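The residues making up each chain are set out below.
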Amino acid sequence: MQRNHPAVMAPIPETARRLSSIQSDVLFVLYGIEQRVNISQIHATRIRALLNNNRRSDVHASNFRCSCRTLSSRELLTLVHDEKFRLLLSLTEKGRAMAATLAEGQQ
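Right, let's walk through the structure included here. Sequence order sets the numbering: in each chain, residues are counted from 1 along the sequence as written. Where totals are concerned, whole chains, interfaces and linings use all residues; where local detail is concerned, this predicted model gives features only for residues with pLDDT of at least 70, and gives and counts side-chain atom pairs only at 80 or more. Only hydrogens and water are set aside; all other atoms, that is, all heavy atoms of the structure, feed into the side-chain values.

This next bit is on the state of the cysteines. Disulfides are defined as cysteine sulfur pairs within 2.5 Å. Within the structure shown, the criterion is met by 0 disulfides. Not engaged in a disulfide, the cysteine cysteine 66 finds its nearest cysteine sulfur in cysteine 68; these two sulfurs lie 9.3 Å apart. For each residue, the accessible area found with a 1.4 Å probe, counting protein chains only, is set against the maximum for its type, and the residue is called buried under 20%, exposed over 50%, and partly exposed in between. Cysteine 66 sits in the partly exposed class, given a relative accessible area of 41%.

This part takes up the pairing of strand β3 (residues 87-91). Runs of E in the DSSP output that reach at least two residues are strands. Runs of H or I that reach at least four are helices, and both are numbered from the N terminus. By the criterion of burial, β3 is predominantly enclosed, with 4 of the 5 residues buried. Bridging between strand β2 (residues 77-81) and β3 involves 5 bridges; their strand directions are antiparallel. Of the residues in β3, the one forming a bridge with leucine 77 is leucine 91. The loop that links β2 with its antiparallel partner β3 comprises 5 residues; one of these, phenylalanine 85, has a positive phi angle of about 65 degrees. Between any two strands, pairing holds if DSSP finds at least two bridges.

Looking now at the packing of helix α2 (residues 21-37) against helix α4 (residues 61-73). Helix axes are fitted to C-alpha atoms over the stretch in contact, other axes to C-alpha atoms as well, and angles between N-to-C directions run from 0 to 180 degrees. Relative orientation of the contacting elements α2 and α4 amounts to 70 degrees, with a least axis distance of 9 Å. Viewed along their axes, α2 and α4 adopt a mutual orientation that is roughly perpendicular. Contacts between α2 and α4 involve Ile22, Gln23, Val26 and Leu27 from the first element and Asn63, Phe64, Ser67, Thr70 and Leu71 from the second. Class assignment for the residues of the contact of α2 with α4 results in 5 nonpolar, 4 polar and no charged. Oblique is the label for any angle not under 35 degrees, not over 145, and not in the 65 to 115 range, which are roughly parallel, roughly antiparallel and roughly perpendicular in turn. Residue contacts follow a heavy-atom distance rule, with two residues in contact if any of their heavy atoms lie within 4.5 Å. Residues are grouped as follows: Ala, Val, Leu, Ile, Met, Phe, Trp, Tyr, Cys and Pro are nonpolar; Asp, Glu, Lys and Arg are charged; every other residue, Gly included, is polar.

For the rest of this paragraph, the subject is the side chain of threonine 92. Along the chain, the position of threonine 92 falls in the loop between β3 and α5 (93-106). Judged by its relative accessible area of 18%, threonine 92 is buried. Once you skip the residues sitting within four places of it in the chain, threonine 92 turns out to touch Glu75, Leu76, Leu77 and Thr78.

Note that every value here comes from positions in space, so none of it alone points to a role or purpose.
Put into structure tokens, the structure is as follows:
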């Protein structure tokens, strides 16, 4: 096996990356809120509280923020601060499409 072979050195394509359970739950919850209430930007603390209501163990704040940053770097979420510097989350079109796929899988 050659070390510089292109197949060995090729980066992982964006579509092959998996979402963690926190990331998929964030997308799913945001999508559900968007569909029911028609609000596009939601406070991150509210999303985290909703996630913690449905889990055996709480999602730690640092893990939640890291997951949101990862989703933002993959262009699935938009992170914005409001006038009081609270973090607001909103889905991008790409994130909305992926969340719709997750929602179909849940049903």
